[in-house]
Amino acid sequence: MADDTIRPEDEAEIIYIPDDDGNDEAFEVIMRFELDDGTDRKYMMVVPADAEDEEQEVYAFRFDEEDDEIKLYPIESEEEWEIVEETFNTLAAEFGGAEDQ
């Protein structure tokens, strides 16, 4: 779990993802990480930027970044979902524990 990034709320990173109708929707990036499995796969966890609920739905994407352009790819295999979910939960627990100290 090399490149894990969790940003404070005052430095929120916003990205825009087109919906099914082609309209850009704003999402806040809550975490980025890269797996330590030698594949160089990078992942991004996002939540809708306009959501006001405490319980927000978190979306995960594999991504590539060239210059200032981010290309998102869906996570399609069950195995990849399990790896991403486990990594997210581990990093979130570490971050939450650091806040309590």
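What counts, and at which threshold
Residues numbered from 1 in each chain as written. Predicted model: local features only at pLDDT ≥ 70, side-chain atom pairs only at ≥ 80, totals over all residues. Heavy atoms only, no water. Helix = DSSP H or I, 4+ residues; strand = E, 2+ residues; numbered from the N terminus. Buried < 20%, exposed > 50% of the residue type's maximum accessible area, 1.4 Å probe, protein only. Contact = heavy atoms within 4.5 Å. Areas by Shrake-Rupley, 256 points an atom, 1.4 Å probe, with all protein chains shown as cover. Core = buried A, V, L, I, M, F, W, Y, C linked by side-chain atoms within 4.5 Å. Pairing = 2+ DSSP bridges. Axes fitted to C-alpha atoms, helices over the stretch in contact; angles between N-to-C directions. Phe/Tyr/Trp six-rings, centres within 6.5 Å; stacked < 30°, edge-to-face > 60°.

(A) Up close: the overall build of the protein. Check the secondary structure of the protein and you find one helix and five strands. Each of the 101 residues in the protein was classed as buried or not, and the buried ones make up 24%. Sequence-distant contacts in the protein: of pairs separated by 6 or more residues, those separated by 24 or more amount to 35%. Of the roughly 7300 Å² of accessible surface on the protein, a fraction of 40% belongs to carbon and sulfur atoms.

(B) Here's a closer look at the nonpolar core. If you look at the biggest cluster of nonpolar residues, it comprises 10 residues: Met31, Phe33, Leu35, Tyr43, Met45, Ala60, Ile75, Val84, Phe88 and Leu91. Elements with a contribution of two residues or more to this core: strand 2 (24-34), strand 3 (42-48) and helix 1 (78-100). One finds Ile17, Val46, Phe61 and Phe63 within the second-largest nonpolar core, a separate group that totals eight residues.

(C) Structural context of the sheet that holds strand 2. With antiparallel pairing, the five strands of this open sheet are ordered in space as 1-2-3-4-5. Since the sheet does not close on itself, it has two edges, and those belong to strand 1 (13-18) and strand 5 (69-73), each with one partner. With strand direction ignored, the average angle separating the axes of adjacent strands in the sheet is 50°.

(D) Expanded view of the packing of aromatic side chains. As enumerated under the stated definition, the model contains two aromatic pairs in all. Look at Phe27 and Tyr59: their rings are 5.8 Å apart centre to centre, the planes differ by 85°, and that puts the pair in the edge-to-face class. Here Phe27 is found in strand 2, whereas its partner Tyr59 is found in strand 4 (residues 59-66), with 32 residues between them in sequence. Take Tyr59: its relative accessible area is 32%, and that puts it in the partly exposed class.

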